[in-house]
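Structure assessment
The chain contents come next:
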Amino acid sequence: MEKVQIKVMDNGSYRVSGDVELIDVDGNVFETKKVFSLCRCGLSSRKPFCDGTHKGTFESCVRAEKVLND
């Protein structure tokens, strides 16, 4: 099975790739493609999907903490 990847994009969406099922709180399934983007700014008119509305209005550059092995 292919590993699902969720990539946090700088100043933008969550980019999801792989074989994943996206459902709402009631169990209804959203139709998705192999790669799609989820809104992170809250401004999209296509929630939960990103429509690009964030461009120029949303800033967030998240990085995972690097752990050094001793």
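Refer to the structure presented above.
Structural notes, computed from the coordinates. Keep in mind that what you see is a predicted model, and the values were worked out from it rather than measured. (Residues numbered from 1 in each chain as written. Predicted model: local features only at pLDDT ≥ 70, side-chain atom pairs only at ≥ 80, totals over all residues. Heavy atoms only, no water.)

**Comments concerning the nonpolar core**
Judged by nonpolar contacts, Val16, Leu22, Phe36, Leu38 and Phe49 together constitute the single largest core of five residues. Residues within four places of leucine 38 in sequence aside, it is in contact with Ser13, Tyr14, Val16, Leu22, Pro48, Phe49 and Cys50. (Core = buried A, V, L, I, M, F, W, Y, C linked by side-chain atoms within 4.5 Å. Buried < 20%, exposed > 50% of the residue type's maximum accessible area, 1.4 Å probe, protein only. Contact = heavy atoms within 4.5 Å.)

**Quick word on the layout of surface pockets**
By volume, the largest pocket amounts to about 170 Å³. Lining the largest pocket, in full, are Glu31, Thr32, Lys33, Val35, Phe36, Ser37, Arg46, Phe49 and Cys50. Grouping the amino acids of the lining of the largest pocket by side-chain chemistry returns four nonpolar, two polar and three charged. (1 Å grid on protein atoms, 1.4 Å probe; cavity = no way out; pocket = protein on both sides within 12 Å on 5 of 7 lines; lining within 4 Å. Points joined across faces, edges and corners; volume = space filled by probe spheres on them. Nonpolar A, V, L, I, M, F, W, Y, C, P; charged D, E, K, R; others polar.)

**Section: the side chain of arginine 40**
Its location among the elements puts arginine 40 in the segment after strand S5 (35-38). One buried charged residue, arginine 40, remains without a salt bridge, the closest side chain of opposite sign being aspartate 10 at 6.1 Å. With sequence-adjacent residues up to four places away left out, arginine 40 is seen in contact with Val8, Met9, Asn11, Gly12, Ser13, Tyr14, Phe58, Ser60 and Val62. (Helix = DSSP H or I, 4+ residues; strand = E, 2+ residues; numbered from the N terminus. Lys, Arg positive; Asp, Glu negative; His and termini not counted. Salt bridge = Lys/Arg side-chain N within 4 Å of Asp/Glu carboxyl O.)

**Comments concerning the sheet that holds strand S2 (residues 14-17)**
If you trace the three strands from one edge of the open sheet to the other, you get S1-S2-S5, paired in antiparallel fashion. Edge positions in the sheet fall to strand S1 (5-8) and S5, since each of these pairs with one other strand and no more. Between one strand and the next, the sheet's axes are offset by a mean angle of 25°, whatever the strand orientation. (Pairing = 2+ DSSP bridges. Axes fitted to C-alpha atoms, helices over the stretch in contact; angles between N-to-C directions.)

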